[in-house]
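A look at the structure
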Amino acid sequence: MSEAATLELAADFLRHRVGDFKPRAAVVLGSGLARVAESVSSGDVIAFREVPGLPDTSVAGHGGSLVVGSLEGVPVVIQTGRFHLYEGVNAALVGLPVRLFAELGAEVLVITNAAGGLNPMLRPPTLMLISDHINYMWRNPLIGPVLKGEDRWPHLYSQYDSDLRAFTGKLALERGIRLQEGVYAGVLGPTYETPAEIHMLRRSGADAVGMSTVPEVIVARARGLRVLGISSITNVGAGMKAGTLSHSEVLAASASLAGDLEVLIRGVVGQLAD
């Protein structure tokens with residue numbers, strides 16, 4: 001089945017499921033960050049496997065559902081968990097949920113992830129506002145026929161919305177939340193990086209590294225959505241300190257940041273209210 005046909009089938013299913021509901025914002029929650037989804041009022045939980053074209057997620061800490069409802073009085077759809085290229089899926093499938101959000105009418109995408117810190121100033125656990133990204137995945141979800149409503153050559157020089165970043169930075173300062181800006185490097189995974197790769201990433205200008213986010217942001221910009229990205233810096237990059245890194249450590253660090261991240265997400269979503 002073509003990507004266009006898959007999108008149409010999945011979008012028709014969601015429209016039938018949610019009726020005339022139109023989200024103002026979509027939120028993607030990364031590893032161990034599902035807490036904010038529990039705050040959605042009148043939420044309808046739709047498992048990935050119910051939506052035509054969406055498989056279950058296979059990664060621990062990723063809930064695998066869409067939550068449709070209201071947050072801070074604003075209609076939202078929240079994606080708990082995501083698909084990763086390292087799971088063996090293609091970039092188009094990773095970006096399919098964002099295409100669905102756009103089909104439902106979302107105008108803003110708030111996307112989160114767990115990442116390793118490369119900049120010594122980012123002392124985990126802490127939050128990083130994404131100012132830009134580097135695509136070291138060598139994959140692009142826009143390869144192939146242009147889908148309806150998408151730009152063939154979207155510009156990515158301002159993919160992370162400056163107004164949303166400014167608002168989030170001000171909110172963090174007011175609430176006493178430690179937040180720094182930085183560049184996110186997206187890599188394919190699933191292996192953690194070698195010390196030589198960490199050195200290369202740091203020299204290329206990256207402040208943090210992770211295995212997600214870039215495909216979704218590319219799709220969002222092709223569809224004209226405004227994007228805000230926040231990384232939970234859960235650890236320093238592999239090889240930057242003694243010992244090995246485990247996914248369970250990442251989840252634990254993410255959980256410790258969930259409260260601050262929820263405050264920021266609620267604030268950003270809330271200011272979208274009419």
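Relevant structure appears above.
Residues numbered from 1 in each chain as written. Predicted model: local features only at pLDDT ≥ 70, side-chain atom pairs only at ≥ 80, totals over all residues. Heavy atoms only, no water.

Observations regarding the overall build of the protein chain
Rule in force here: A helix here means a DSSP run of H or I that spans at least four residues, while a strand means a run of E at least two residues long, and both kinds are numbered starting from the N terminus. We compute the radius of gyration from the C-alpha atoms alone; for a globule the expected value is 2.2 Å times N to the 0.38, where N is the number of residues. Burial status follows relative accessibility: with a 1.4 Å probe on protein chains alone, a residue under 20% of its type maximum counts as buried, one over 50% as exposed, and anything between as partly exposed. In what follows, a contact means two residues having at least one pair of non-hydrogen atoms within 4.5 Å. Using a 1.4 Å probe, the Shrake-Rupley method yields the accessible areas, and only the shown protein chains count as cover for residues.
A count of helices and strands for the protein chain gives six helices and nine strands. The C-alpha atoms of the protein chain give a radius of gyration of 17 Å, which matches the 19 Å a tight globule of 274 residues would have. Expressed as lengths along the three principal axes of its C-alpha atoms, the size of the protein chain is roughly 50 × 40 × 35 Å. Here the protein chain, with 274 residues, has 53% of them falling under the buried criterion. Residue pairs at least 24 apart in sequence account for 83% of intrachain contacts in the protein chain once pairs closer than 6 positions are excluded. Just so you have it, the protein chain exposes about 11,800 Å², and 52% of that area is on carbon and sulfur atoms.

What about the side chain of glutamine 79?
Among the structural elements, glutamine 79 can be located in strand β4 (residues 74-80). Leaving out residues up to four positions away in the same chain, glutamine 79 has contacts with Val27, Val28, Leu29, Phe48, Ser65, Leu66, Pro97 and Phe101.

Side note on the packing of aromatic side chains
Condition: Stacked, edge-to-face and tilted are the three classes for Phe, Tyr and Trp ring pairs, Trp counted by its six-membered ring, which pair at centre distances within 6.5 Å; planes under 30 degrees apart are stacked, over 60 edge-to-face, the rest tilted.
The final tally for this structure, using the stated rule, is two aromatic pairs. Seen from their ring centres, phenylalanine 48 and phenylalanine 83 are 5.0 Å apart, and the 45° between their planes marks the pair as tilted. Taken together, the positions of phenylalanine 48 in the loop between β2 (41-47) and β3 (65-71) and phenylalanine 83 in the loop between β4 and α2 (91-104) put the pair 35 residues apart, joining distant regions of the chain. Neither phenylalanine 48 nor phenylalanine 83 differs from the other in exposure class; each is buried.

Description of the packing of helix α1 (residues 3-18) against α2
Rules: Simply put, an axis is a line fit to the C-alpha atoms, just over the touching stretch for a helix, and the angle between two N-to-C directions goes from 0 to 180 degrees. Small angles under 35 degrees read as roughly parallel and large ones over 145 as roughly antiparallel, with 65 to 115 read as roughly perpendicular and the rest as oblique. Helix crossings get a hand from a simple test, with the near helix turned counterclockwise from the far one by less than a right angle marking a left-handed crossing and a clockwise turn marking a right-handed one. Under the grouping applied here, Gly and all other residues not named as nonpolar or charged are polar, the nonpolar ones being Ala, Val, Leu, Ile, Met, Phe, Trp, Tyr, Cys and Pro and the charged ones Asp, Glu, Lys and Arg.
One can describe the packing of α1 onto α2 by two numbers: an axis separation of 10 Å at closest approach and a directional angle of 45°. Here α1 is positioned oblique relative to α2, judged by the angle of their axes. Taken as a pair, α1 and α2 cross one another with a handedness that is right-handed. When α1 is examined against α2, the residues Glu3, Thr6, Leu7, Ala10, Ala11, Leu14, Arg15 and Val18 are found in contact with a partner set consisting of Ala92, Leu96, Arg99, Leu100, Glu103 and Leu104. A class-by-class count of the residues in the contact of α1 with α2 yields nine nonpolar, one polar and four charged.

In short, geometric facts, not functional conclusions.
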